Amino acid sequence: MRSVGIWLSILFALLGLASLSVHADAVVAEELPPGFQPSTTNVNGDKFEFQSDNKRVLNIVINSLYKSKEIFLREIVSNAADAIDKIRFQSLTQPDILGETTDLAIRIVADKERKLLIISDTGIGMNAEELKKNLGTIARSGTSEFISLLEDKNADLNMIGQFGVGFYSVFLVCDRVTVASKSNDSPKQYVWESTSENDFTIGEDARGNTLGRGTEITLHLKDDALEFLEDARLGELITKYSEFITFPIYLWKQKTETMEVEPDEESNEDGVEEVAEAKTKTESRTYHAWERMNQNKPIWARKPAELDGEDYKDFYKAFTKDHDEPMAWTHFQAEGDNEFKSILFVPKRAPSNFLQKLEESMKKVKLFVRRVFITDDTDLLPRWLSFITGLVDSDDLPLNVSRETLQKHALLKSIKKKMIAKAIEMIRNIANDESKYLEFFKQYGVALKLGVVEDTKNKDKLTKILRFHSSHSEDGMTTFGEYKKRMRSKQPQIYYVTGPNLETLKNSPVVEVPLARGYEVLYLVDPMDEYVVQAVTQFDGTPLQSLSKGGLLYGDEDADEEGKVKEEFSELSSWLQSTLTDYIEAVVVSTRLAKSPTAVIANKMGLSGNMEKIMNAQALQSGENYMLKYYQSLKKTLEINPFHPLIKALSEKVKQDEKSPELVQLAVVLYQTTLIRSGFELSDSHDFAGRVEQILRSNLGVSADAEAEFTVVPAKERTEDERDATAMPEEVEHDEL
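These lines cover the structure that appears in this document, whether it is placed above or below.

### Focus: the overall build of the protein
And step 1. What the protein contains, in helices and strands, is 25 helices and 25 strands.
And step 2. Among the 737 residues that make up the protein, the fraction classed as buried is 44%.
And step 3. For the protein, the proportion of contacts with a sequence separation of at least 24, taken over those separated by at least 6, is 73%.
And step 4. Carbon and sulfur atoms provide 49% of the accessible area of the protein, an area that totals close to 41000 Å².

This is the structure in C-alpha cells:
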C-alpha cells in the first residue's frame, strides 16, 4: 500500500511538472504576437562557403566601419525599408503584385526567453538564388577589391557604400543569424543561416509559407547584447535612427493597464453570502501589443509649396523638443551632381550657454541618408552658425560607413557650402523685417560677429548686416551702410569707440569734439566688437577709425590754425614729454577734446583700454600673456586740450618754475587719472594712491612725514584649556578582523 502511495506521489509530481511546462509555454506564447513562429531550429539545406576573405571583411566591418553595436538596428531597418520601397514601386504599375499582403510595414519582436530579436518586413522578399547572391557575396566585384578599398585611406568612399555591407553589422550583437524570405517569384519560402564563421546554409523553410511575402531576420543575441531585448532600448534606437522612415515601424511592447474588477462577496457567520458595499476596486494587468514608433513624417521630402507655416512649426517642435515656435526657417533642395534636401531653423531664443560649450552646440544639424539618421557629429555648419538647428538628407552619401569615414567624403564639402549659403540667405531675409531682425540680433548678434572674424569667405556679406548702437539714435541700432549715407561733407573715416557700456562711452572724453561738431559715432559695447574691428578695417572703401587711437582725421583740418595752437603750448608739451617720459611716447594738442583737459590715446596699431581689459580677463589663459605684455609696453600718447582752464593754468606754472617737485607730482597724477578715464588700467595702483595722498596732505596742511597715531594691542595666546577644547581627537588604529 505504501509503494502505491509513493507511485501516486511520483505520478502527481510528473503531472505537476507537465502542467508547469505547459504554463511556461503559454507565457511565452502570450509574450509573442498571435501566430508568430520565429525560426529557431537549424536549417537543413545546401551549405555554401563564404569567400576566403570573409573573416577579414567581418573584422573590418566590426572594427572600422562601425564604432557602436547599436548601429545594427539602423542597418537592418534601413534594408527593410528599401525592400518595402521596391515592392511599393512595382505596385504602381502592377497593383496585383501586393496580393493579400498589402500592409507595408516593419515589425520588431524581442523574445527574451530565447534571447531572440526578430525584425520582419513585408517587402519584396528573396528567393533561394537571391539569398545566396545578396547575403552570401559581400561585394559584387569581389571581396578582395572591397578590402583594398576599405584599407585605402584615399579610396572613393561612395564606392565603398555601394558594396552593401550593412547586413553584416548584425554580427556585432549576435553569433547566429537566420533570414527567412518569401518572394513573389518563388512558391516556396527559404531560409538563409550563418554563424559568420566560414559558411552559410540555404534551404526550404520547414514552417512553410508563414510570411506571405517579405523577409524575417532572427538574431540569436550574444550575452553581452541582451540590452537590445528591452522595449525601452529598442524604442530609443528606432526613434534615434529611423524616426522618419516612410513606412510604419511597429514594436511588440509590454504594456500595463489599470482596470476595475467586481468587489469580493463576503459570508456571515451563518454562511449566508452578503454583498459588500459597492467599492471601486482596481488591479493592474500586463499585456503585449503593437505600437508604432515612427509617428513623425519627413516633411522635408515634400515640396515647400505643399506645406504651410503650421506644418513647419509642428515639425520643428517635434524634431527639436522645443516648446517655442522657430523664429525663421528655410526649406530647400539641391539638385545636380549632389542631390540633397534640407530644412534649417532659427530657434526663437539662444540657449543660456550659447557658444560656451561648443562640443554640445555643434550637434544641432542631423545628417540623414535616405531618411535614415546617420549622425549629428558633423561639421556641416561652422561654429558661428551653431545656433541653427535642422537636418540634411542626402541620396548620394553612403549609408553604411562610420562617422569618421563619412567626414572625409567629398560630397560633404559641397553640402556644407550650400548650407552655409542658404543659412546666410535666411538671415538676410530676416533682416528685411527690422523689428524681427533686432530681436534676432539680440539673441545671435555675437554669432554673426564671430562669423565676420572666422569666415573670411563670407565676411563681407555678414559685415553688411551687423548692427551697432550709434549717437544718431538713442534707442535704435544702425549698420555701416546706413552710417555711410549720413556721413558729413569730406568726412574720411567711420568713427567708433569701444567700451563696457553705453553710458561710459557717451561720457568718454574722446567723443567730445566729434559729437560737438555733429559727427556720428558708433558705440561698440560688445566684447566681440573689438575683434570685429580688427577683422574689418574698412567698409565700402571708407576706413574705420577708433577715437581711442591715433590717426583721427576730419577732412577739414586747418593746418595754419593748428600750427599756432601747437606753438603756443609747445613749452608745456615739451615739459610734459620729459616729465612723463617713462609713461608716454608723445604729447600732442588734441583735436578730439572739448570739455576734458586730457586724454590718453593708444598707438594706431595698439590696443584700446577696453581690449586690454578683455585680454586680461581671459579665464583660460595660463602662464605669461606675452602678446598683452607687449602691447601694454607700447607707450601711449597724451593729448592736451588747449582750451581747458586746467591746461592753461598748468602751462603758466611751467613757465614760472618747471622744476617744482609739486608740479611734477601734479603732472604724474594728471596722467594717471587721465589713463583711468580713457579706459585703461593702472599698472601700479599703489603708486597712484600714494601720490593722491601726498596732494591731499599738501592741501590740508598735513606734513608729508606725519604717521597715524595707532596703538597696537597684541593678540593673546590661547590657554591650555582652550587648546585642549579645540584639539583634534587622535585616530585609534584597530587591528584588522
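### Remarks on the nonpolar core
And step 1. Among the nonpolar cores identified, the biggest contains 72 residues, and Val346, Phe387, Met419, Phe440 and Leu448 are the most heavily contacted of them.
And step 2. Ranked by the residues each element gives to this core, the list is headed by helix 11 (residues 410-430), at 10 residues.
And step 3. Among residues more than four places away in sequence, those in contact with Leu448 are Trp384, Ile427, Tyr437, Phe440, Phe441, Leu462, Ile465 and Leu466.
And step 4. With 63 residues, the next largest nonpolar core counts Leu117, Leu135, Val179 and Leu391 among its residues.

### Notes on the pattern of salt bridges
Where side chains of opposite charge bring their charged atoms close, a pairing between them can arise.
And step 1. In the structure shown here, the tally under the stated rule is 36 salt bridges.
And step 2. Across the pair Asp85 and Arg88 runs a salt bridge whose closest N-O atoms are separated by 3.0 Å. A residue pair is termed a helical-turn pair when its members lie 3 or 4 positions apart in one helix, as Asp85 and Arg88 do in helix 3 (residues 71-93) at three residues.
And step 3. Note that Glu693 and Arg697 form a salt bridge whose closest N and O atoms lie 3.0 Å from each other. Of this pair, Glu693 and Arg697 are both found in helix 24 (residues 685-700), four residues apart, which corresponds to roughly one turn of the helix.
And step 4. Its relative accessible area of 39% is what places Glu693 among the partly exposed residues.
And step 5. Several salt bridges share partner residues, and in doing so they unite Glu70, Glu227, Arg233, Glu236 and Lys240 into one network.

### Observations concerning helix 19 (residues 570-579)
And step 1. Residues of helix 19 that are buried include every one of Leu572, Ser573, Trp575 and Leu576, and no others. Across the axial projection of helix 19, the buried residues extend over an arc of 165 degrees, all falling on one side.
And step 2. Summarising the contacts, the buried residues of helix 19 are in contact with strand 23 (584-589), strand 25 (636-640), helix 22 (645-656) and helix 23 (661-677).

### Overview of a negative patch on the surface
And step 1. Taken together, the side chains of Glu571, Asp657, Glu658 and Glu662 define an acidic patch exposed on the protein surface.
And step 2. Mapped onto the elements of the fold, Glu571 is located in helix 19.
And step 3. The class of Glu571 is partly exposed, set by a relative accessible area of 37%.

### Overview of the sheet that holds strand 19 (residues 494-498)
And step 1. Ordered by their spatial adjacency, six strands build an open sheet running 18-17-20-19-22-21, and the pairing between neighbours is mixed. The open sheet has two edge strands, strand 18 (473-478) and strand 21 (538-539), and neither has a second partner.
And step 2. Judged from the two bridges that link them, strand 21 and strand 22 (residues 542-546) form a sheet pairing that is antiparallel. Considered in strand 22, the bridge of Gln538 is made with Pro543.

### Re unusual backbone geometry
And step 1. For Lys321, which is not a glycine, the phi torsion comes out positive at approximately 60 degrees.
And step 2. Here Lys321 lies in the loop between helix 8 (309-320) and strand 12 (328-334).

### Brief notes about the sheet that holds strand 15 (residues 372-375)
And step 1. Strands sit in the order 12-13-16-14-15 across an open sheet of five strands; the sheet is mixed. Of all strands in the sheet, those bounded by a partner on one side alone are strand 12 and strand 15. On average, each strand axis in the sheet is inclined to that of its neighbour by 20 degrees, with strand direction left out of account.
And step 2. Two strands pair when backbone bridges link them, and strand 13 (residues 340-346) and strand 16 (residues 389-394) are joined in this way by six bridges, in the antiparallel orientation. Within the sheet, the bridge partner assigned to Phe340 lies in strand 16 and is Ser394.
And step 3. Strand contacts of helix 11: strand 12, strand 13, strand 14 (365-369) and strand 16, with the helix running at about 40 degrees to strand 13, the strand carrying the most contacts.

### A word on the pairing of strand 13
And step 1. Counting buried positions along strand 13 gives seven out of seven residues, so the element sits mostly inside the fold.
And step 2. Burial along strand 13 is two-sided: Phe340, Ser342, Leu344 and Val346 and Lys341, Ile343 and Phe345, pointing in opposite directions, are all buried.
And step 3. As paired elements, strand 12 and strand 13 share seven bridges and run antiparallel to each other. Note on strand 13: the bridge partner recorded for His331 is Ile343.
And step 4. What sits between the antiparallel neighbours strand 12 and strand 13 is a turn of five residues, in which Gly336 has the positive phi angle 115 degrees.

### Thoughts on the side chain of Thr598
And step 1. Position of Thr598 among the secondary structure elements: in strand 24 (residues 598-601).
And step 2. At 2.4 Å, the side chain of Thr598 forms a polar contact with the side chain of Thr674.
And step 3. If sequence neighbours within four positions are ignored, Thr598 has contacts with Pro509, Leu593, Leu638, Glu639, Ile640, Ile647, Leu670 and Thr674.

### Topic: the side chain of Asp231
And step 1. Structurally, the position occupied by Asp231 is in helix 7 (residues 231-242).
And step 2. No salt bridge is formed by the buried Asp231; its nearest oppositely charged neighbour, Lys112, is found at 5.6 Å.
And step 3. Sequence-distant contacts of Asp231, defined by excluding residues within four places in its chain, comprise Leu251, Trp252, Lys253 and Gln254.

### Quick notes on the packing of aromatic side chains
And step 1. Enumeration over the complete set of coordinates arrives at 33 aromatic pairs.
And step 2. Taking the centre distance of 4.4 Å and the plane angle of 20 degrees together, the rings of Phe387 and Tyr444 count as stacked. Remark: Tyr444 occurs in helix 12 (residues 434-454) and Phe387 occurs in the loop between strand 15 and strand 16; sequence separation between them is 57 residues.
And step 3. Counting every residue linked through ring pairs, the aromatic cluster contains Tyr241, Phe244, Trp300, Phe315, Tyr316, Phe319, Phe345, Phe368 and Phe373.
And step 4. Sitting over the face of the ring of Trp290, Arg107 holds its NZ or CZ atom 4.9 Å from the ring centroid.
And step 5. The residue whose ring lies beneath Lys366 is Phe373, and the NZ or CZ to ring-centre distance is 5.7 Å.

### Points about the packing of helix 19 against helix 23
And step 1. Contact geometry of helix 19 with helix 23 gives a least axis separation of 10 Å together with a crossing angle of 80 degrees. Viewed along their axes, helix 19 and helix 23 adopt a mutual orientation that is roughly perpendicular. Counting all contacts with helix 19, which are made through Trp575, Leu576 and Thr579, the residues of helix 23 involved are Leu663, Val664 and Ala667.
And step 2. A breakdown of the residues in the contact of helix 19 with helix 23 according to their chemical character gives five nonpolar, one polar and no charged.

### Concerning helix 17 (residues 527-535)
Working note: α-helix, 3.6 residues per turn, so residues spaced by three or four point in the same direction.
And step 1. Taken together, the buried positions of helix 17 are occupied by Met528, Asp529, Glu530, Val532 and Val533.
And step 2. Packing partners of the buried residues in helix 17 comprise helix 12, strand 17 (468-470), strand 19, strand 20 (522-524), strand 22 and helix 20 (609-616).
And step 3. You can read the cap of helix 17 off the contacts: a side-chain oxygen lies 2.9 Å from the backbone nitrogen of Met528, and it is on Asp526.

### A few points about the environment of Glu260
And step 1. With respect to the helices and strands, Glu260 occurs in strand 8 (residues 249-261).
And step 2. For Glu260, a relative accessible area of 61% gives the class exposed.

Rules behind the numbers
- Residues numbered from 1 in each chain as written.
- Predicted model: local features only at pLDDT ≥ 70, side-chain atom pairs only at ≥ 80, totals over all residues.
- Heavy atoms only, no water.
- Helix = DSSP H or I, 4+ residues; strand = E, 2+ residues; numbered from the N terminus.
- Buried < 20%, exposed > 50% of the residue type's maximum accessible area, 1.4 Å probe, protein only.
- Contact = heavy atoms within 4.5 Å.
- Areas by Shrake-Rupley, 256 points an atom, 1.4 Å probe, with all protein chains shown as cover.
- Core = buried A, V, L, I, M, F, W, Y, C linked by side-chain atoms within 4.5 Å.
- Salt bridge = Lys/Arg side-chain N within 4 Å of Asp/Glu carboxyl O.
- Arc of directions from axis to C-beta.
- Patch = residues over 30% accessible without salt bridge, like charges linked within 9 Å, V, L, I, M, F, W, Y side chains within 5 Å.
- Lys, Arg positive; Asp, Glu negative; His and termini not counted.
- Charge placed at Lys NZ, Arg CZ, Asp CG, Glu CD.
- Pairing = 2+ DSSP bridges.
- Axes fitted to C-alpha atoms, helices over the stretch in contact; angles between N-to-C directions.
- Polar contact = N/O pair within 3.5 Å; in protein donor to acceptor, adjacent residues only side chain to side chain.
- Phe/Tyr/Trp six-rings, centres within 6.5 Å; stacked < 30°, edge-to-face > 60°.
- Lys NZ or Arg CZ within 6 Å of the ring centre and 35° of its normal.
- Parallel < 35°, antiparallel > 145°, perpendicular 65-115°, else oblique.
- Nonpolar A, V, L, I, M, F, W, Y, C, P; charged D, E, K, R; others polar.

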